[in-house]
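Structural description and commentary
Listed below are the residues making up each chain.
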Amino acid sequence: MNGDTAKPRVLVVDDETQIRRLLSFTLEDAGYEVRQAGTGQAGLAEVVHSHPDAIILDLGLPDMTGIEVLKRLREWSATPVLILSVFGQEGSKIAGLDAGADDYLTKPFAGGELLARLRALLRRAKPAEVASTVEFGSIKVDLERRRVTKGGEVVKLTAKEYAFLRLLVAHRDRVLTHRQILNDLWGPKAERQTHYLRVFMMRLRRKLEDEPDAPKYFQTESGIGYRLVCDGS
Amino acid sequence: MSRPSSGIDWSPRGSSPLREYLEVLAVIAVVTAAGSFAPLTYHALGHIYLLAVIALCLRVGRGPALFAAVVSAVAWNFVFIPPHLSFTVLDFDDALLLGIYFVVALTAGQLTARIRAQQRAEHRREQRATALFHLTRAMAGARTLDEAVGAAVRQADELFHARTAVLLVGASGELTPHPAGSFPLDEAELTVAASVWRTGREAGRFTGERPGATGLHLPMLRAGVCLGVLVVGLPGEAVLTTVEQRELLEGFAAQIALQVEREQLRVASEREKLLAESDRLHRTLLDSVSHELRTPLAVLRSATENLARDDGARRPHLMAEIRTATSRLDHLVGNLLDQTRLESGAIKPQLDWCDVRDLIAAARRGLGEALAAHPLKTEFPLEMPLFMADAALMEHVLSNLLLNGALHTPEGSPLTVTAGLAGDGGRVFITVADRGPGIPPAMRGQVFQKFHRAGATRTGGLGLGLSIVRGFVLAQGGEVVADDNPGGGARFTVYLPHALHGSVPNE
């Protein structure tokens, strides 16, 4: 791993030269060091060679699928991976997340969105930074004292609601699939009971969002899962 | 469906002649016996004989009628004209009387018999006309050729007490039995039918050609072309005797042929229409795809060129143009892909519990600035139930409906989304309503067709949005309808099946 002073290093694996080049501009401007690879093989070799802090991986590669790259990578590396896909591939997004990807983006995407996702991934990679309190908007979650306040006033949450919130906070700005959440909160037997999530998410939003019907923080990723958006930039 | 009032009798014509002759003898005998006891002159008895002969002629054929005239004259002469019990006639007057009697009885008898024969022919003609009328009516009521053939077979079966088969030329160009037929054709019958089809001449039973066959094979001719074969399997004892019966069958064959020809013409004209329509669609598609794709591309090119030599003042405007053009392109390509996926049948909905609030929020987020100029109001009941749907598909459905509302209403005009349980409780509904010009009732059926665009001047994309909405909703087992928003504007309602989910553990 790189030292604290060095720039974080990002590997972009995409077969489109233009995309790689433009991503490089965006990332370099944001203070990242960028490596590129045009195929899955080259990408895996580059991971071995340059030890990136995060990987941006396109799902459609000429030599092998992104999912395959991911599976091979996960055999020996825990480097955070952000996958890129297009609409209509909900299935492959979930497959990618199940195969060990940490988040996904649907093309075409905005540069700001990409950087926010990347920041969230790198934060996860540095456990030392886990704070005991997390704030978003007027909401403050004190993980140590299990206290949630909104605009200074204590919000009463049931144990399950709090567990759900804590899970989202721990993975803030990153997607959590339905399966991950159900597994974590109710155990592997409840993996298909998505209506639990709908009901509990509704309760959380009613208690914490200003406009529960147009949530700002507790966002739904259609067909995939949920994301707690704290990174406003 | 009305039925012919009675079948047609195929048994040999009328009762047997022997019976009629015996009947004649019996009647004359009765008259003679009665006359012997009655206190009447032989002159009066002559008139009674005449009456009996005419009455007999109303019942029997020409031969027995002649026989009746002869026998009655002989009986009258032998029994009653003096001298009794002798064929001798003494008086000249009596001889004249007997001669005149014979001529009158003969003439009256023959005339009566002829009238009767005419009456019978008339009856048969009427029967035939009625039968053809029933057939025509049954076939006219049919919506498809298959129904028409089925109706014809049923009519023929009832009318002729027969089993009937219809063979038509299929798509392969081969003569194939229609499934509606009630007469199973074996190899031999099929060979006969094929030869009838080739030659256009009738064959089989009751004909000179292959009379050994079980069925009577009649060609279905239209303008000299044989369109198929009608096979009638008559009951075993049937004897096809009259011209009328043969004509009736031929009438049936011609009637079915007419229907077949009509169907062929209809199919041909339909194909023609389809071709023209698809040609028009292709042209429209090409025109609008090229327009819709090139406009944002032209904007992008021009904006980047301007950016290159810009001193900074116009930069924000140029960037905004680029952003608009890219999102327009993105939306367009997305719709084209969605439509293609729909048409290729690649849509496999992943049904899962959905919350309408989630879907709307996701759709709003996806639309971003496209909705900026339209305030969006949502009204959901507090206990809005969850429902099974594919969240990603529903997000597209709702964003297309919202975008449609935004595109077809003036800036600042509000959009309203409501949802709830439909009246019958079996479905949930989601409505997207606007305060724009609305959709004229005549257009409501068309708005969901692909490449349909409201008005010619608006640049509302390719006209795929609502077609995709309908396709995605149908794929999830739902329905979408367009109507008036009470108070003005258009309203789209998506209905989806509603089911109850299992309980949610509280803690």
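Further up the page is the structure itself.
The structure displayed is predicted, hence computed values, not measured ones.

**Some points on helix 4 (residues 90-98) of chain A**
All names here are of chain A. Of all the positions in helix 4, only Lys-93, Gly-96 and Leu-97 are classed as buried. All buried residues of helix 4 fall inside an arc of 95° around its axis, so they share one side. Where helix 4 is buried, its residues meet helix 3 (66-74), strand 4 (81-86), strand 5 (103-107) and strand 10 (175-177). Gly-100 lies just past helix 4 and shows a positive phi near 115°.

**Digging into the interface of chain A and chain B**
Taken together, the contact between chain A and chain B spans 19 residues of the former and 24 residues of the latter. Those elements that place two or more of their residues in the side of chain A that touches chain B are helix 6 (159-170) and helix 8 (194-208) of chain A. For the side of chain A that touches chain B, the per-class residue count stands at 8 nonpolar, 7 polar and 4 charged.

**Here's the deal with the packing of helix 1 (residues 17-37) of chain B against helix 2 (residues 42-57) of chain B**
Residue and element names in this part refer to chain B. For the pair helix 1 and helix 2, the least separation of the axes is 10 Å and the interaxial angle reads 160°. Compared by their axis directions, helix 1 and helix 2 come out roughly antiparallel. Where helix 1 crosses over helix 2, the two elements pack in a sense that is right-handed. Across the interface between the two elements, Val-24, Val-27, Ile-28, Val-31 and Gly-35 from helix 1 touch Leu-45, Ile-48, Tyr-49, Ala-52 and Leu-56 from helix 2. By residue class, the composition of the contact of helix 1 with helix 2 is 9 nonpolar, 1 polar and no charged.

**Topic: unusual backbone geometry**
When glycine is set aside, most residues are seen to have a negative phi, and most peptide bonds are trans. Geometrically, the link from B:Pro82 to B:Pro83 is a cis peptide bond, its omega value of -5° lying close to zero. Relative to the assigned elements, B:Pro83 resides in the loop between helix 3 (62-80) and helix 4 (92-140). A positive phi angle, close to 55°, is found at A:Arg146, a residue other than glycine. Along the polypeptide, A:Arg146 turns up in the loop between strand 7 (139-142) and strand 8 (147-150). The exposed category is assigned to A:Arg146, around which 11 C-beta atoms lie within 10 Å. A positive phi angle, close to 70°, is found at A:Asp173, a residue other than glycine.

**Describing the pairing of strand 12 (residues 225-228) of chain A**
Residues and elements named next belong to chain A. In the sheet, strand 10 pairs with strand 12 via 3 bridges, with the strands oriented antiparallel. In the strand pairing of strand 12, Val-175 is matched with Arg-227. Here 4 bridges tie strand 11 (residues 218-221) to strand 12, and the two strands are oriented antiparallel to one another. Bridge pairing in strand 12 places Glu-221 opposite Gly-225. Linkage of strand 11 to strand 12, two consecutive antiparallel strands, is achieved through a turn of 3 residues, within which Gly-223 is found at a positive phi near 80°.

Reading guide: rules and limits
Residues numbered from 1 in each chain as written. Chains lettered and ligands numbered in written order. Predicted model: local features only at pLDDT ≥ 70, side-chain atom pairs only at ≥ 80, totals over all residues. Buried ≥ 20, exposed ≤ 12 C-beta atoms within 10 Å, placed from the backbone. Helix = DSSP H or I, 4+ residues; strand = E, 2+ residues; numbered from the N terminus. Arc of directions from axis to C-beta. Contact = placed C-beta atoms within 7 Å. Nonpolar A, V, L, I, M, F, W, Y, C, P; charged D, E, K, R; others polar. Axes fitted to C-alpha atoms, helices over the stretch in contact; angles between N-to-C directions. Parallel < 35°, antiparallel > 145°, perpendicular 65-115°, else oblique. Left-handed = near helix turned anticlockwise from the far one by under 90°. Pairing = 2+ DSSP bridges.

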